[in-house]
Amino acid sequence: MVLKAFFPTCCVSVDSGLLVGRWVPEHSSAVVLAVLHFPFIPIQVKQLLAQVRQASQVGVAVLGTWCHCPQEPEESLGRFLEGLGAVFPHEPWLQLCRERGGTFWSCEVTHRQAPAAPSAPGEDQVMLIFYDQRQVLLSQLHPPTVLPDRQAGATPASTGGLAAVFDTVARSEVLFRSDRFDEGPVRLSHWQSEGVEASILAELARRASGPVCLLLASLLSLVSAVSACRVFRLWPLSFLGSKLSTCEQLRHRLEHLTLIFSTRKAENSAQLMRKANTVASVLLDVALGLMLLSWLHGRSRIGHLADALVPVADHVAEELQHLLQWLMGAPAGLKMNRALDQVLGRFFLYHIHLWISYIHLMSPFVEHILWHVGLSACLGLTVALSLLSDIIALLTFHIYCFYVYGARLYCLKIHGLSSLWRLFRGKKWNVLRQRVDSCSYDLDQLFIGTLLFTILLFLLPTTALYYLVFTLLRLLVVAVQGLIHLLVDLINSLPLYSLGLRLCRPYRLAAGVKFCVLQHEAGRPLRLLMQINPLPYSRVMHTYRLPSCGCHPKDSWGALCRKLFFGELIYPWRQRGDKQD
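Quick caveat, the model's predicted, so the values are computed rather than measured.

## Re a nonpolar patch on the surface
Okay, step 1: On the surface, a nonpolar cluster with roughly 470 Å² of combined accessible area is contributed by Phe447, Ile448, Leu451, Leu452 and Ile455.
Okay, step 2: Along the chain, leucine 452 turns up in helix α14 (residues 443–493).

As structure tokens, this is what we get:
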């Protein structure tokens, strides 16, 4: 049988003593956590181990002896070790020994009780594995990716052993609170033997965070109660709140702040990492927003933007007028239905005239509006970007109206042509059973159907051309808003804290371990060094990505092309699943 002994690298040069750790019988592994030095009182050692077991729920025990540069004769040393084995009975009993200043290591395993299947003495082989105790304590082992040829429930055998090692070191943190400066009767050596890591600033922040979080949590709960008032559920306010990106982003940030200032303690490392990533995301958002705010209010840039906004809107309106005049003529040499072409062109030109009048009516207030929009950047860059998306939607509302008119007219003709085409084939659409059934028509119905089919067919090119032009304009606006929403989602869901850990302390996010051979000679135990493999950046993004507010479209490319071909609205203000009057 091969026995694996995990030994901390911080204890390779300490004085002789007892090996304190945990025995994992399922994997034949011994995890050494600390070295207890001579002299000591056995009853006090047993009381310390009992306290550690009660606090950590880990079966910590004395696993054996550690001898660094033995000076006693072999016989006296053997009798002394045998006596320790009687005081601290453990099965099996390890005896590790290292020559001072040399590379010679010896490891023996003794069994006080006879095994069920007797074997020759010395048959047990020991594999000595060194590990960095601090890195293993602070790291979080992530499960490996399931291979395609492996079932979902199957797990490699080595994974359970590594998980047991990481879990043992993480849960035994109470054992590492004592250092060499303690005046207690028991002296231990571990990774914090030279002094427990602490910070006065961190301790003061921890003490002050309780009352501050309680106060801010109360204020946030008050804001949530006000936002859930029945007044905001009335039709105009509820409609605007569900369609404006700014309201969605404010609700999302309110959830983030509620999570940050919650007084509930994180139950596991995943919740702690999510809260840390949320704090980093909010801080990054606010910092970028303050930078934008300082840039906008410097050198009167808001006044320059206000002076340039109205001419740009006039220029866009003039370009739309030129486009409509081109469509009312012979666009690309196509012969259109002149009557329908003139009606549609004049209808859209009248809308543009109304829009220009509205822009000039609002021009005196543009600078004040932009000034207040700039102040919204103090809430974060995402709020300012969401407000920019809503402003773009309002400034291009006439394009949206043009697209809706053209899409409805085109969709009406497409459905009319498809229905009349079924009439020619003696078919009809059964509304109750949602299928196409056979049907017999008389001569008058066929005559009227033929007449309507001919009219719709010859009017279709003119309608399709207007629909195509305004759909391209609508897609351009949707693409700009989509880029803004992608940037907002990136800031909202970016796991900045996890990426910082992966960059500065890669051992904190462990994907696995690798073993380097230190010594492999006949007659000596195999010595390995366990090193942590950091989690790849792609898996860090996938594992710790924060949930976003869901501004991205849910339709696939195939569904989008189908909607465009049949004239269905893309990203309308009222979705199909919403309740309609």
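The structure having been displayed, the exposition proceeds.
## Concerning the pattern of salt bridges
Okay, step 1: As enumerated under the stated definition, the model contains five salt bridges in all.
Okay, step 2: A salt bridge links aspartate 167 to arginine 171, with the nearest nitrogen and oxygen atoms 2.9 Å apart. With aspartate 167 and arginine 171 both in helix α4 (residues 157–171) and four residues apart, this pair spans about one turn of that helix.
Okay, step 3: Its relative accessible area of 32% is what places aspartate 167 among the partly exposed residues.
Okay, step 4: Among the ionic pairs, arginine 435 bridges to aspartate 437, the shortest N-O distance being 3.0 Å.
Okay, step 5: Given a relative accessible area of 40%, arginine 435 falls into the partly exposed group.

## A closer look at the pairing of strand β2 (residues 17–24)
Okay, step 1: Of all the eight residues making up β2, seven are buried; the element is thus mostly covered by neighbouring parts of the structure.
Okay, step 2: Pairing of β2 with strand β3 (residues 29–37), which is carried by eight bridges, proceeds in the antiparallel orientation. Within β3, the residue paired with leucine 19 across the bridge is valine 35.
Okay, step 3: Linking β2 back to β3 in an antiparallel pair, the connection comprises four residues, with serine 28 at a positive phi of about 50 degrees.
Okay, step 4: As paired strands, β2 and strand β4 (residues 60–68) are joined by six bridges and run antiparallel to one another.

## Here we look at the packing of helix α8 (residues 269–296) against helix α15 (residues 496–504)
Okay, step 1: Across the interface, α8 lies against α15 with an axial gap of 6 Å and an inter-helix angle of 105 degrees. As summarised for this structure, α8 and α15 are arranged roughly perpendicular, according to the angle between their axes. Judged by residue contacts, Met273, Ala276, Asn277, Ala280 and Leu284 of α8 engage Leu496, Tyr497, Ser498 and Leu501 from α15.
Okay, step 2: Across the contact of α8 with α15, the residue classes tally to seven nonpolar, two polar and no charged.

## Considering the packing of aromatic side chains
Okay, step 1: With the rule as written, the count across this model stands at 15 aromatic pairs.
Okay, step 2: Judged by centre distance (5.1 Å) and plane angle (35 degrees), the ring pair of phenylalanine 7 and tryptophan 66 falls under tilted. Of the two residues, phenylalanine 7 sits in strand β1 (residues 2–8) while tryptophan 66 sits in strand β4, which places them 59 residues apart along the sequence.
Okay, step 3: Looking at tryptophan 66, the relative accessible area reads 1%, which means it is buried.
Okay, step 4: Taking 5.9 Å as the distance between ring centres and 35 degrees as the angle between the ring planes, the aromatic pair formed by phenylalanine 348 and tyrosine 466 counts as tilted. Note that phenylalanine 348 is positioned in helix α10 (residues 338–362) and tyrosine 466 in helix α14, a separation of 118 residues in sequence. By the burial criterion, phenylalanine 348 is buried, and tyrosine 466 matches it.
Okay, step 5: Within the aromatic cluster, the residues linked to one another by ring pairs are Phe347, Phe348, Phe402, Tyr405, Tyr466 and Phe470.
Okay, step 6: In this arrangement the basic side chain of arginine 502 is found over the ring face of tyrosine 537, its NZ or CZ atom lying 4.5 Å from the centre.

## What to know about α15
Okay, step 1: Considered for burial, the residues of α15 that qualify are Ser498, Leu499, Leu501 and Arg502. With its buried residues spanning 155 degrees around the axis, α15 presents them on a single face. Exposed residues pointing more than 90 degrees away from the buried face of α15 are listed as Leu503 and Cys504.
Okay, step 2: Structurally, α15 contributes buried residues whose contacts are with α8, β12 (509–519), β13 (526–534) and α16 (537–544).

## Observations regarding the UniProt feature "transmembrane region" (unreviewed entry) in the chain
Okay, step 1: UniProt tags residues 278–296, 343–361, 373–396, 445–469 and 475–499 as "transmembrane region" (unreviewed entry).
Okay, step 2: Taken end to end, residues 445–469 has its terminal C-alpha atoms 35 Å apart, with 100% of it in helix and 0% in strand.

## Some remarks on the environment of phenylalanine 40
Okay, step 1: Mapping phenylalanine 40 onto the fold places it in the loop between β3 and α1 (42–56).
Okay, step 2: Taking the C-alpha atoms as reference, phenylalanine 40 lies 8.1 Å from arginine 187; in sequence the two are 147 residues apart.
Okay, step 3: Look past the residues within four positions of phenylalanine 40 in its chain and what remains in contact with it is Leu18, Val45, Leu84 and Phe88.

## What about helix α13 (residues 397–424)?
Okay, step 1: A rise of 1.5 Å per residue sets the reference length of α13, with its 28 residues, at 40 Å; its end C-alpha atoms lie 41 Å apart and thus fit the reference within 8%.
Okay, step 2: Positive phi shows up at glycine 426, right after α13, with a value of about 75 degrees.

## Some points on unusual backbone geometry
Okay, step 1: Despite not being glycine, serine 28 has its phi angle at roughly 50 degrees, a positive value.
Okay, step 2: Among the structural elements, serine 28 can be located in the loop between β2 and β3.
Okay, step 3: Judged by relative accessible area, which is 15%, serine 28 ranks as buried.
Okay, step 4: Despite not being glycine, glutamine 57 shows a phi value in the positive range, around 55 degrees.
Okay, step 5: The residue glutamine 57 is located in the loop between α1 and β4 in this model.

## Re the confidence of the model for the chain
Okay, step 1: Summing up the model confidence of the chain, the mean pLDDT is 79 and the portion of residues at 70 or higher is 80%.
Okay, step 2: When the elements of the chain are averaged for pLDDT, helix α2 (residues 74–87) gives the smallest value, 62, and α15 the largest, 91.
Okay, step 3: Within the model, the stretch residues 116–122 combines pLDDT values under 50 with zero contacts to residues more than four positions away or in other chains.
Okay, step 4: Taken as a whole, residues 144–158 scores under 50 in pLDDT and shows seven contacts with residues more than four places along the chain or in a different chain.

The rules we used
Residues numbered from 1 in each chain as written. Predicted model: local features only at pLDDT ≥ 70, side-chain atom pairs only at ≥ 80, totals over all residues. Heavy atoms only, no water. Patch = residues over 30% accessible without salt bridge, like charges linked within 9 Å, V, L, I, M, F, W, Y side chains within 5 Å. Areas by Shrake-Rupley, 256 points an atom, 1.4 Å probe, with all protein chains shown as cover. Salt bridge = Lys/Arg side-chain N within 4 Å of Asp/Glu carboxyl O. Helix = DSSP H or I, 4+ residues; strand = E, 2+ residues; numbered from the N terminus. Buried < 20%, exposed > 50% of the residue type's maximum accessible area, 1.4 Å probe, protein only. Pairing = 2+ DSSP bridges. Axes fitted to C-alpha atoms, helices over the stretch in contact; angles between N-to-C directions. Parallel < 35°, antiparallel > 145°, perpendicular 65-115°, else oblique. Contact = heavy atoms within 4.5 Å. Nonpolar A, V, L, I, M, F, W, Y, C, P; charged D, E, K, R; others polar. Phe/Tyr/Trp six-rings, centres within 6.5 Å; stacked < 30°, edge-to-face > 60°. Lys NZ or Arg CZ within 6 Å of the ring centre and 35° of its normal. Arc of directions from axis to C-beta. UniProt positions renumbered as here; feature names shortened; annotations may be inferred. Expected span 1.5 Å × (residues − 1). pLDDT = per-residue confidence, 0-100.

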